[in-house]
Amino acid sequence: MPGTSIIHVEIQDKYFDLEQIWDEMRHKIEAVRNDLPEGASAPQVNDDFGDVAVVTAALTADDFSMSQMFDMAQHIRDQLYTVKNTKRVDILGAQPERIYVETTNARLAEMGLDPEQLIATLADQNIIRPGGAVDTGGRRFAIEPTGQFEDLDSIRETLIPLPDSDRVVPLQDIATIKRGYLEPPDQKAYYNGRPALVFSIAMLAGNSVIDYGADVKKMIGTLQHDLPAGYRLDIATYQAEQVATTVYGVTVNVLQTLAIVLAVVILFLGLRTGLIVGSIVPAVMLASLAVMGFFEISLQRTSLATLVIALGLLVDNGIVIAEDFKRRLEEGANRDDVLKQTGDQMAFPLLSSTLTTILVFLPLMLAEHVAGEYTRSISLVILITLLMSWLLAMGLTPLLCYRFIQVDSHGGGRPTTENSGFSERLFRRMNGLYERLLRGVMRWPAMFLVAMLALLFISIVGLSNAPAKFFPDSDRAQILVYVDRPAGSPSTATDDTIQHMMAIVGDEQRFPYVRDLAAYVGFGGPRFVLSLTPVDPAPFRGFMVVNIGEYEHMDRAEREIRAALNAELPSARARVKRMFLGPSDSSQLDIQIKGPDADYIYAQASRIESLLATIPNTIDIRHNWENRIDAIRVEVDQARARRAGVTSADVARSMSQYFDGRSITEFREGDDIFPIVLRAADAERHDLDRVKSLSVFSQSQGHSVPLIQIADFTLVPRFGVIAREDMARTVTVEARNTRLSAEDMLPRVQSRLDEIGTKLAPHHHIEIDGVVEDSAEGQAALSANFPLCVGAMLLLLVIQFNGYRRPLIIVATLPLLVIGAVIGLYAMQANFGFMEILGLYALAGILLNNGIVLLDQIEIERAKNTPAYNAVVAACVRRLRPIMMTTITTILGLLPLIVFHDALFYGMASVLAFGLAVGTLLTLGVVPVLYCLVFRVRNENNAALAGSR
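Because the structure is predicted, anything quoted here is derived from the model rather than measured. (Residues numbered from 1 in each chain as written. Predicted model: local features only at pLDDT ≥ 70, side-chain atom pairs only at ≥ 80, totals over all residues. Heavy atoms only, no water.)

Points about the overall build of the chain
Reasoning step 1: When you go through the chain residue by residue, the secondary structure sums to 29 helices and 29 strands.
Reasoning step 2: Here the C-alpha radius of gyration of the chain, 37 Å, is well above what a compact globule of 949 residues would show, namely 30 Å.
Reasoning step 3: Each of the three principal axes of the chain carries a C-alpha extent, and together these read 130 × 80 × 60 Å.
Reasoning step 4: Sequence separation of 24 or more characterises 79% of the internal contacts of the chain that already satisfy a separation of 6 or more.
Reasoning step 5: As displayed, the chain has an accessible area near 43900 Å², and 55% of this comes from carbon and sulfur atoms. (Helix = DSSP H or I, 4+ residues; strand = E, 2+ residues; numbered from the N terminus. Rg over C-alpha atoms; globule rule 2.2 N^0.38 Å. Contact = heavy atoms within 4.5 Å. Areas by Shrake-Rupley, 256 points an atom, 1.4 Å probe, with all protein chains shown as cover.)

Below you can see the structure in the form of structure tokens.
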């Protein structure tokens, strides 16, 4: 917008007390206010930019004017504020009223009227000023002089004195007076093709979106019932529905996972033992929810989905305790002794494995990045659930085992019939098969490890070539349409384009899947989703939200709406997108050119646009400086101007007043106050020739001078927009691809971008911005604290095993997780992004636990004076069952996220499931092989020679 500067302030991710920061910034801006150029308006600070509209509602009306609609909207806003927990209600799309006094250049010149004299006459009459009071002793009388304009007729009848005479004429003989709205229109709104006033309703923090949305919806229903005939109040966007659908869907996944975990545990452990282990699952869930509530961790998509992931992990401790308790009873130990021994021997190893898993997730909580807003709750939920699992596994599970686990007292303590069923037969066969395979790989350890390294190398290559996407697309059934007319276009032209666009998209015959739509002229409407940043206001921009009936129509809707708008709106550019998850749009590639020379970087931006166009299926290529615009430069000849008695200030004032209008006084109507504006008649304001013939009134000479007599005119090009980043001029080129993400697009042009960059003039350079930078920063934020967490894990392991070789064996198995993760990415056609990286972190924690359990059992077996080689084999076979059960329960627990294709967690669940399956199988072989190599354990006639410890 000409004459407007918009500054976006981005706070570093490590700061959370934003209110204090905004206060300090407001004080600093106020301090430099007096340093601004003359004529600059006072800066306005919008620190509510992050407020999200839980509900947006549209008020439309038949046969009512916009001013009448605004009066009704104010009443509705007052009622909406009565809804509990309402933070703010904004009315968008309202058009300010004006009283226009329109004159012609010729008429003023004919009568010799100075516009300043006309303005002074109207302003002096239209005042409300007390005339004092008369105190008569017993009473006091206020004096109220009249003169305020009561209606249009009183303005028309205002007497204007003519210069150099005693004559006065009514204003209506000099000018046309009419009532209307701001021209050109400012930030109009539409709903389903009709002019509308849109309510943006935001909620106080710390409340339930679902409950608050229901309260607002109920109030809107009540208001709709009470509205006069002809008015209609509709809900345009309803965040509570989206949240409820997502949360309830994930809640169903949690319940499905809970049922699956319980079923698997009972199947593999038998009914009695399975119920003992399974009983801690709901107990852990309830305890975790209580702790989350205490620390004000809300139930939302991420935290609930983390519970799905945690369900498979939290049974691990219970399985290990129950298995150990049952095994000791079957070996003939006293029940009381078993209760004591289980707690003594298993408490610290299980605590160590629990803490290592928590430490793996800790970088998510410590990451100083905007993506941490989405993932911080993952680490917190994992921490709470696993600690609750360990506490209940050590406190509740042994007591339940003591009371309910039974073994047959005949035949040397063989297990009961329950434990001799399907699961026992299955694991006996698995134990035998695993033992044979294990002895085989331990016979050829070098060959086995070389094969693992080869698989790892292939997997790393596959991971580097996997499709990359920072965050996945949203599962919201909404299409976003950004409209850009050429810079310099008035809002009236943009308004016409938006109306044409609504007529196209609102055609029920062509697009039957469109439920409703809302459109905005000159701005981006309310922020109804946290990740959606409204576009900067400009008269040549527009925005439309299209609600689709069912999500399965989204691909078709995006494709067909884009094709229709591009074909039928040749004068505008329509960018059709869908909603996205995460902090930025993963489909949009942003490339910046920075430098001091504006013309140079503008030209280089065109080169980069051409480069991006070479990538097949690339669309929406543009840059943020828009097109150049033309300006009429009025070169005032100071010599001629002085002879005519005209100053440059007279010229600027006359032109601004003539074409844009000048507010001269105010019109009061009840509680409403709006300006009275003096301007030229319509026919003259829109005629370029009138620039030359404009009469400039000379204050000193008392007559008008045609502008063409004192000035020359030239048409000069200007930049439509000038953008800076950190004070440096910056052109941002953006593009999207229908088949590739931004991170997949960049490698296709990186070499040619580097070539362009090396040839740039001094002090000019190219940077990658947007989602690619966000992704790199997000990964860097995760890895920044990873060494600290790894160090803490190693310290725990060293304390547990009283040495460093066993911890190194465990850590050496971690790269194996890449093998299964890559298989999962390609098999399930998932993208590799931020959430999938979190899946790798989770895999690391689980595989660490498997290694800890194996090595701990090996030490237990060796403590019995069992030969080292046999101790390794026996320990691995003995721990096969709990490890496989934990793996199977975790994988099956992830199935709902995979089968129902959860938008946010699908890729992460795929990485976890396949990575866990393959990684566990490989860990069961690699850990014993590495142990034998490190400790020089060999099989010599069933005797083991152990290396120095």
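Here we look at the packing of helix H8 (residues 271-294) against helix H12 (residues 397-404)
Reasoning step 1: Orientation of H8 relative to H12, taken along the N-to-C sense of each, is 160°, at an axis distance of 10 Å. One way to sum up the angle between H8 and H12 is to call them roughly antiparallel. The chirality of how H8 crosses H12 is right-handed. Where H8 approaches H12, its residues Arg272, Ile276, Ser279 and Ile280 are matched on the opposing element by Thr397, Leu400, Cys401 and Phe404.
Reasoning step 2: Residue composition of the contact of H8 with H12, by class: five nonpolar, two polar and one charged. (Axes fitted to C-alpha atoms, helices over the stretch in contact; angles between N-to-C directions. Parallel < 35°, antiparallel > 145°, perpendicular 65-115°, else oblique. Left-handed = near helix turned anticlockwise from the far one by under 90°. Nonpolar A, V, L, I, M, F, W, Y, C, P; charged D, E, K, R; others polar.)

Quick look at helix H23 (residues 771-784)
Reasoning step 1: Given a rise of 1.5 Å per residue, 14 residues ought to cover 20 Å, and the 19 Å separating the end C-alpha atoms of H23 matches this to within 8%.
Reasoning step 2: The secondary structure elements touched by the buried residues of H23 are helix H10 (335-366), strand E17 (588-594), helix H22 (742-758), strand E27 (765-770), helix H24 (786-801) and helix H27 (834-863). (Expected span 1.5 Å × (residues − 1).)

Let's talk about the domain arrangement of the chain
Reasoning step 1: Domains assigned within the chain are domain 1 (114-131 + 143-173 + 630-719), domain 2 (270-405), domain 3 (422-465 + 803-948) and domain 4 (475-524 + 532-579).
Reasoning step 2: Its C-alpha centre places domain 1 at a distance of 79 Å from the equivalent point of domain 2. (Domains from an automatic or database assignment.)

A closer look at the side chain of Lys594
Reasoning step 1: You can see Lys594 is positioned in strand E17.
Reasoning step 2: Exposure remark for Lys594: the relative accessible area of 6% places this residue in the buried category.
Reasoning step 3: For Lys594, the residues in contact, after removing those within four places along its chain, are Ile601, Glu725, Arg729, Thr730, His763, His764, His765 and Glu767. (Buried < 20%, exposed > 50% of the residue type's maximum accessible area, 1.4 Å probe, protein only.)

Quick notes on the environment of Val277
Reasoning step 1: Mapped onto the fold, Val277 is located in helix H8.
Reasoning step 2: Put simply, Val277 and Phe427 are 150 residues apart on the chain and 18 Å apart in space, counted from C-alpha to C-alpha.
Reasoning step 3: Leaving out residues up to four positions away in the same chain, Val277 has contacts with Val265, Leu269, Val315, Gly318, Ile319 and Ala322.

Observations concerning the sheet that holds strand E15 (residues 541-548)
Reasoning step 1: Strand order across the open sheet formed by six strands is E10-E9-E14-E15-E13-E16, with antiparallel pairing between neighbours. Each having just a single partner strand, strand E10 (194-195) and strand E16 (573-578) make up the two edges of the open sheet.
Reasoning step 2: Both strand E9 (residues 189-191) and strand E14 (residues 514-521) contribute to a ladder of three bridges, which runs antiparallel. Among the inter-strand pairings, Tyr191 is bridged to a residue of E14, identified as Ala518.
Reasoning step 3: Against the sheet, helix H15 (residues 491-505) engages E9, strand E13 (478-484), E14 and E15, with an angle of about 175° to E14. (Pairing = 2+ DSSP bridges.)

Comments concerning a nonpolar patch on the surface
Reasoning step 1: On the surface, Val134, Phe141 and Ile143 cluster together into a nonpolar patch covering about 230 Å² of accessible area.
Reasoning step 2: Note that Phe141 resides in strand E5 (residues 140-142).
Reasoning step 3: Under the relative-accessibility criterion, Phe141 is labelled partly exposed at 38%. (Patch = residues over 30% accessible without salt bridge, like charges linked within 9 Å, V, L, I, M, F, W, Y side chains within 5 Å. Salt bridge = Lys/Arg side-chain N within 4 Å of Asp/Glu carboxyl O.)

Considerations on the packing of helix H7 (residues 239-269) against H8
Reasoning step 1: Contact geometry of H7 with H8 gives a least axis separation of 7 Å together with a crossing angle of 155°. Relative to H8, the element H7 lies roughly antiparallel. In terms of crossing hand, the pair formed by H7 and H8 is right-handed. Residues Val254, Leu258, Val261, Leu262, Val265, Ile266 and Leu269 of H7 form the contact with H8, whose own contacting residues are Leu271, Thr273, Gly274, Leu275, Val277, Gly278, Val281 and Met285.
Reasoning step 2: A breakdown of the residues in the contact of H7 with H8 according to their chemical character gives 12 nonpolar, three polar and no charged.

Focus: the pairing of strand E12 (residues 231-238)
Reasoning step 1: With six of eight residues buried, E12 is to be regarded as a mostly interior element.
Reasoning step 2: Pairing geometry for strand E1 (residues 53-61) and E12, over seven bridges, is antiparallel. Bridge pairing links Leu59 to Leu233 in E12.

Quick look at the nonpolar core
Reasoning step 1: With 158 residues, the main nonpolar core has Leu612, Met835 and Phe905 as its most contacted residues.
Reasoning step 2: Among the elements that make up this core, the one with the highest residue count is H27 (17 residues).
Reasoning step 3: Counting contributing residues, this core receives three or more from each of domain 2 (270-405) and domain 3 (422-465 + 803-948). (Core = buried A, V, L, I, M, F, W, Y, C linked by side-chain atoms within 4.5 Å.)

Regarding the pairing of E14
Reasoning step 1: Counting buried residues in E14 gives seven out of eight residues, a clear majority hidden from the surface.
Reasoning step 2: One ladder, built from seven bridges, connects E14 with E15; its direction is antiparallel. What sits directly across from Val521, in E15, is Gly542.

Structural notes on the packing of aromatic side chains
Reasoning step 1: The full count for this structure, using the stated rule, is 16 aromatic pairs.
Reasoning step 2: Ring geometry for Phe471 and Phe834: centres 5.6 Å apart, planes at 25°, overall stacked. Linking Phe471 in the loop between helix H14 (445-464) and E13 with Phe834 in helix H27, this pair joins segments that are 363 residues apart in sequence.
Reasoning step 3: The exposure class of Phe471 is buried, given its relative accessible area of 1%.
Reasoning step 4: Ring geometry for Phe667 against Phe674: centres 5.5 Å apart, planes inclined by 45°, an arrangement best described as tilted. Of the two residues, Phe667 and Phe674, both sit in the buried class. (Phe/Tyr/Trp six-rings, centres within 6.5 Å; stacked < 30°, edge-to-face > 60°.)

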